[in-house]
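A closer look at the structure
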Amino acid sequence: MKDYLIRKAEQEDVERIIEIAQSRLVSSSSNETTGLIDYPIPSAEKYSRRISQGLFYVAYDDSWGYVAGFMDIYRDESLKDIFGEDPVVNAVLEAGQSPIAYINTLAVAKEFEGIGLPSRFFSRLEEDLGKSCKQIWAAIVLEPLRNKRSAAVLSKAGFTFEEEIRAFERYTFGLYKKLMN
Ligand SMILES: CC(C)(COP(=O)(O)OP(=O)(O)OC[C@H]1O[C@@H](n2cnc3c(N)ncnc32)[C@H](O)[C@@H]1OP(=O)(O)O)[C@@H](O)C(=O)NCCC(=O)NCCS
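Counting restarts for each chain: residues are numbered from 1 in the order of the written sequence. Predicted model: local features are reported for residues with pLDDT of at least 70 only, side-chain atom pairs are reported and counted for 80 or more only, and whole-chain, interface and lining totals are derived from all residues.

Notes on the site of the ligand
Put simply, the rule reads: Only the C-beta atom matters for this test: placed from the backbone, it must lie within 6 Å of a molecule or strand for the residue to be near it. Going along the chain from the N terminus, every DSSP run of H or I of four or more residues is numbered as a helix, and every run of E of two or more is numbered as a strand. Ten residues, namely Ala, Val, Leu, Ile, Met, Phe, Trp, Tyr, Cys and Pro, are considered nonpolar, four, namely Asp, Glu, Lys and Arg, are considered charged, and the remaining ones, Gly among them, are considered polar.
Neighbouring residues of the ligand: 23 residues in total, closest Thr33, Thr34, Lys148, Ser150 and Ala152. For the shell around the ligand, the elements supplying multiple residues, two or more each, are β6 (100-108), α5 (117-129) and α6 (148-156). Sort the elements by how many residues they give to the shell around the ligand and α6 lands first, with six residues. For the shell around the ligand, the per-class residue count stands at ten nonpolar, eight polar and five charged.

In structure tokens form, the structure reads like this:
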């Protein structure tokens, strides 16, 4: 298997991050089993800010020099600043026991899917968080389209389903938590 490194995202990665996000955008009326469902893709400016404020990683194909996927995570102190009154983030902040980290997006380009990049992202995240954080949270869409592949990835990584919430009028999100030792 090729060597994929997980490194911190840099400002030069923004264009490729947007490209990956756009390529994984799906409509809730589709038959897909994974994807960024009706996701409003952040602008380049927003991604730049998120890279400097969050724990933002990319999976990097070392032989081709190519970014294969990304994961962006935020500690609770920066969540309000970045997401404002986002109902999903608010629900996580209410349910979580501070200090937490919240995974906002995990996405890999289609051609790099199924080779286990998510577990590499999670290992790197947990290594960096160390004992500075009690819980990691993530949210995925359950309705109108269930993100089955993401649910499988989260449960494989040791996350458990905690609760579901309704948000943005017609969506149900599942909130998942992993306890850190
Ligand atoms: C979600 C995502 C990151 C997973 O990446 P990946 O490369 O497929 O992850 P993995 O290699 O660990 O494989 C996924 C696992 O899900 C399983 N899976 C795939 N489709 C599935 C389905 N329909 N139902 C249940 N499990 C499924 C696979 O069998 C695999 O498990 P295994 O390793 O035990 O065989 C990727 O599919 C993706 O980028 N999706 C689009 C973006 C997205 O939806 N992100 C999540 C919301 S932020």
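Some remarks on the sheet that holds strand β4 (residues 55-61)
Note the threshold: The pairing criterion for strands is at least two bridges between them, as found by DSSP. Only the stretch in contact is used when fitting a helix axis, every axis being a line fitted to C-alpha atoms; angles between N-to-C directions are given from 0 to 180 degrees. A pair of residues counts as a contact when their C-beta atoms, built from backbone coordinates, are separated by no more than 7 Å.
Here seven strands make up an open sheet; going across it, the order is β1-β4-β5-β6-β7-β9-β8 and the pairing mixed. The sheet is open, and its two borders are formed by β1 (4-8) and β8 (160-167), each paired with just one other strand. Between one strand and the next, the sheet's axes are offset by a mean angle of 30°, whatever the strand orientation. Where strand β5 (residues 66-75) lies against β6, seven bridges are found, and the strand directions are antiparallel. The partner of Gly69 across the bridge, within β6, is Val108. Along the sheet, helix α1 (residues 14-23) contacts β5 and β6; its crossing angle with β5, the most-contacted strand, is approximately 90°.

So, unusual backbone geometry
In the segment running from Ser98 into Pro99, the intervening peptide bond is cis, with an omega of 0°. Tracing the backbone through its elements, the reader meets Pro99 in the loop between α4 (87-95) and β6. That bond from Glu143 to Pro144 is cis: its omega, 10°, falls within 30 degrees of zero. Position of Pro144 relative to the elements: it lies in the loop between β7 (135-143) and α6.

Observations regarding the nonpolar core
One recurring pattern in soluble globular proteins is that nonpolar side chains are buried together. Our working rule: As used here, a nonpolar core is made of buried Ala, Val, Leu, Ile, Met, Phe, Trp, Tyr and Cys residues. They are joined through C-beta atoms within 7 Å. For every residue, the other C-beta atoms within 10 Å of its own C-beta are counted; 20 or more classify it as buried, 12 or fewer as exposed, and values in between as partly exposed. C-beta atoms are placed from the backbone.
Tyr57, Tyr102 and Phe121 are the most contacted members of the largest nonpolar core, which has 50 residues in total. With seven residues, the top contributor of residues to this core is β6. Those residues in contact with Phe121, other than ones at most four positions away along the chain, are Ile6, Tyr57, Ala59, Met71 and Leu106.

Describing the packing of α1 against helix α2 (residues 44-53)
Rules: If an angle is under 35 degrees, it is roughly parallel; if it is over 145, roughly antiparallel; if it lies from 65 to 115, roughly perpendicular; otherwise it is oblique. Left-handed is the label given to a crossing in which the near helix is rotated counterclockwise from the far helix by less than a right angle, and right-handed is the label when the rotation is clockwise.
Following both chains from N to C, one finds α1 and α2 inclined at 110°, their axes separated by 10 Å at the closest point. In terms of orientation, α1 and α2 fall into the roughly perpendicular class. Like other packed secondary-structure pairs, α1 and α2 cross with a definite hand, here right-handed. Judged by residue contacts, Val14, Ile17 and Ile18 of α1 engage Ala44, Tyr47 and Ser48 from α2.

Digging into α4
Let me state the cut-off plainly: The arc in question is traced by the directions running from the helix axis to the C-beta atoms.
Residues of α4 that are buried include every one of Val88, Val89, Ala91 and Val92, and no others. Mapping the buried residues of α4 onto a view down its axis gives an arc of 160°, with all of them on the same face. On its buried face, α4 sits against α3 (76-83), β6, β7, β8 and β9 (171-179).

Focus: the pairing of β7
Looking down a regular strand, the side chains alternate between one sheet face and the other. Formally: Crossovers are described as right-handed under a simple rule: with the strands pointing away from the observer, the path leading from the first strand over the helix to the second runs clockwise.
Bridge count for β6 against β7 is four bridges, and the pairing is parallel. Following the sheet pairing, Ile100 is matched in β7 by Gln135. Handedness of the β6-α5-β7 crossover: right-handed. Bridge count between β7 and β9: eight bridges; the pairing is antiparallel. Within β9, the position partnered with Ile136 by the bridge is Lys178.

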